[in-house]
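A closer look at the structure
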Amino acid sequence: MKMKNILRLVLFCGLSSFISCDESYRDLIPTEYNAVLYIDGENMETITIYESVPQYTKKVIVAKTGANPQATAKATFELLSREELELYSLLYGVTYKHLPAPAYSLNEESLKFDSNERYKNIDLIFNTSEIIKAIENDPKATFVLPLKLVSEENKVNEDMNMLFYTIETKYWKFPLIISAMNLCYISLSIWKLKLIWRI
């Protein structure tokens with residue numbers, strides 16, 4: 001009996017020490033690491049917009065991790081500056097141009113994570129008509145949407161904080177140009193059909 005009590009005391013002391021060490025370890029972690037935010041998924045992608053589809057919605061996942069799973073967090077999306085975009089142009093050897101603001105929207109621009117939230121699904125909506133208008137006004141440009149996840153209160157993973165979407169469109173125009181010769185051919189074909197029908 002005495003031996004069992006001794007074992008219980010040793011286990012209790014060991015567990016108490018472990019909990020105490022764990023709490024001390026948490027105290028050493030800076031508060032900014034309580035919640036760390038990042039963009040989950042592919043961050044560089046080509047988005048194909050079809051003229052027949054008025055809107056295209058891209059799903060974006062922003063996730064929360066960190067030392068304290070119950071921590072709240074705040075963040076927002078910020079458009080890369082012209083100077084930052086020029087660096088990308090130099091890096092990839094392509095002249096990029098910002099997609100105009102009317103051509104896209106976010107259903108949530110300011111993100112607020114409650115203590116029980118681990119991720120958020122964001123809708124990034126592209127407006128087809130505005131995209132086509134921008135491309136027609138500047139057909140030589142390569143339009144992109146470069147967004148960065150930023151936060152004043154929480155840590156953001158610098159390796160997973162970017163969205164860089166290159167925009168391409170697929171649409172066709174069918175000019176209704178019919179030459180006089182084609183009109184004559186069509187008329188002659190119709191006349192032959194009528195003649196055959198009479199026979």
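Residues numbered from 1 in each chain as written. Predicted model: local features only at pLDDT ≥ 70, side-chain atom pairs only at ≥ 80, totals over all residues. Heavy atoms only, no water.

1. Structural notes on the environment of Arg 118
Here is the rule we go by: Numbering of helices and strands runs from the N terminus, with a helix taken as a DSSP run of H or I at least four residues long and a strand as a DSSP run of E at least two residues long. In what follows, a contact means two residues having at least one pair of non-hydrogen atoms within 4.5 Å. Any pair of nitrogen or oxygen atoms within 3.5 Å is treated as a polar contact; in protein, a donor-acceptor pairing is required on top of that, and neighbouring residues in sequence qualify only through side-chain atoms on both sides.
Relative to the helices and strands, Arg 118 is located in the loop between strand E7 (110-113) and strand E8 (119-127). In sequence terms Arg 118 and Lys 64 are 54 residues apart; their C-alpha atoms lie 5.1 Å from each other. Those residues within four positions of Arg 118 in sequence are excluded, and the remaining contacts are Ala 63, Lys 64, Pro 69, Gln 70 and Phe 113. A polar contact of 3.0 Å, which involves the side chain of Arg 118, links it to the backbone oxygen of Ser 115.

2. Quick notes on the packing of aromatic side chains
As a reminder, the rule being used: Aromatic rings from Phe, Tyr and Trp, with only the six-membered ring used for Trp, were paired whenever their centres fell within 6.5 Å, and each pair was classed as stacked if the ring planes differed by under 30 degrees, edge-to-face if by over 60, and tilted otherwise. Accessibility here uses a 1.4 Å probe with only protein chains present; expressed as a share of the type maximum, an area under 20% marks a residue as buried, one over 50% as exposed, and anything in between as partly exposed.
Under the counting rule described, the total for this entry stands at 4 aromatic pairs. Centroid distance Tyr 88 to Tyr 92: 6.2 Å. Interplanar angle 20°. Geometry classified as stacked. Highlighted residues: Tyr 88 and Tyr 92, both in helix H2 (residues 82-92), separated by 4 residues, approximately one helical turn. A relative accessible area of 22% means that Tyr 88 is categorised as partly exposed.

3. Let's talk about the nonpolar core
Across soluble globular proteins, you tend to see nonpolar side chains buried next to one another. Basically, it comes down to this: To form a nonpolar core, buried Ala, Val, Leu, Ile, Met, Phe, Trp, Tyr and Cys residues must be joined to one another through side-chain atoms within 4.5 Å.
Counting 32 residues, the largest nonpolar core has Phe 77, Phe 126, Leu 149 and Tyr 165 as the members making the most contacts within it. Sort the elements by how many residues they give to this core and strand E9 (residues 142-150) lands first, with 4 residues. Counting 6 residues, the second-largest nonpolar core is a separate cluster that includes Leu 80, Leu 85, Val 144 and Met 162.

4. Things to note about the layout of surface pockets
For clarity, the threshold we go by: The rule is simple: put a 1 Å grid over the protein atoms alone, call a set of points where a 1.4 Å probe fits but cannot get out a cavity, call an open set with protein on both sides within 12 Å along at least five of seven lines a pocket, and count a residue as lining if it has an atom within 4 Å of a point. Grid points are joined across faces, edges and corners, and a volume is the space filled by probe spheres set on the points. Amino acids are sorted into nonpolar (Ala, Val, Leu, Ile, Met, Phe, Trp, Tyr, Cys and Pro), charged (Asp, Glu, Lys and Arg) and polar (every other residue, Gly among them).
Empty space within the largest pocket amounts to approximately 150 Å³. Lys 74, Ala 75, Thr 76, Ser 110, Leu 111, Lys 112, Val 150, Ser 151, Glu 152 and Glu 153 are the residues that line the largest pocket. Every element with two or more residues in the lining of the largest pocket is listed here: strand E4 (73-79) and E7. Split by residue class, the lining of the largest pocket holds 3 nonpolar, 3 polar and 4 charged.

5. Some thoughts on the side chain of Thr 128
Within the secondary structure, Thr 128 sits in helix H3 (residues 128-137). A distance of 2.9 Å separates a polar side-chain atom of Thr 128 from the backbone oxygen of Pro 54.

6. What about the confidence of the model for the protein?
What counts here: Per-residue confidence from the predictor is reported as pLDDT, a score between 0 and 100.
Summarising the model, the protein shows a mean pLDDT of 80, and 71% of its residues fall at 70 or more. Note on residues 1-22: pLDDT under 50 across the span, and 0 contacts to partners over four residues away in sequence or across chains. Under a pLDDT of 50 for its full length, residues 173-181 has, in the predicted model, 2 contacts with residues more than four places off or in other chains.

7. Description of the pairing of E7
Formally: When DSSP finds at least two bridges between two strands, those strands are taken to pair.
Burial along E7 is one-sided: Leu 111 and Phe 113 are buried, while Ser 110 and Lys 112, pointing the other way, are not. Pairing between E4 and E7: 4 bridges, direction antiparallel. Of the residues in E7, the one forming a bridge with Thr 76 is Ser 110.

8. Digging into the sheet that holds strand E10 (residues 155-156)
Taken in spatial order, the 5 strands make up an open sheet running E6-E8-E3-E1-E10, and their pairing is mixed. Of all strands in the sheet, those with a lone pairing partner are strand E6 (104-106) and E10, marking the two edges. Pairing of strand E3 (residues 55-65) with E8 involves 9 bridges; the strand directions are antiparallel. When the bridges of E8 are listed, Val 62 appears paired with Lys 120.

9. Here we look at the pattern of salt bridges
To keep things clear, this is the line we draw: Every case where a carboxyl oxygen of Asp or Glu lies within 4 Å of a side-chain nitrogen of Lys or Arg is listed as a salt bridge.
The tally for this structure, following the rule as stated, stands at 6 salt bridges. For the salt bridge of Lys 58 with Glu 45, the shortest nitrogen-to-oxygen distance reads 3.0 Å. Separated by 13 residues along the polypeptide, Lys 58 in strand E3 and Glu 45 in strand E2 (residues 44-50) bring together distant segments of the chain. For Lys 58, a relative accessible area of 15% corresponds to the buried category. For Glu 45, a relative accessible area of 25% puts it in the partly exposed group.

10. What about the pairing of E9?
In terms of burial, E9 is a largely internal element, 7 of the 9 residues being buried. Sheet topology note: the E4/E9 ladder contains 4 bridges and is antiparallel. Paired with Phe 77 across the two strands is Leu 149, which belongs to E9. Pairing analysis gives 3 bridges linking strand E5 (residues 96-98) to E9, with the strands arranged parallel. The residue bridging Tyr 96 from the neighbouring strand is Thr 142, located in E9. Alignment of E9 against strand E11 (residues 162-170), held across 5 bridges, turns out to be antiparallel.

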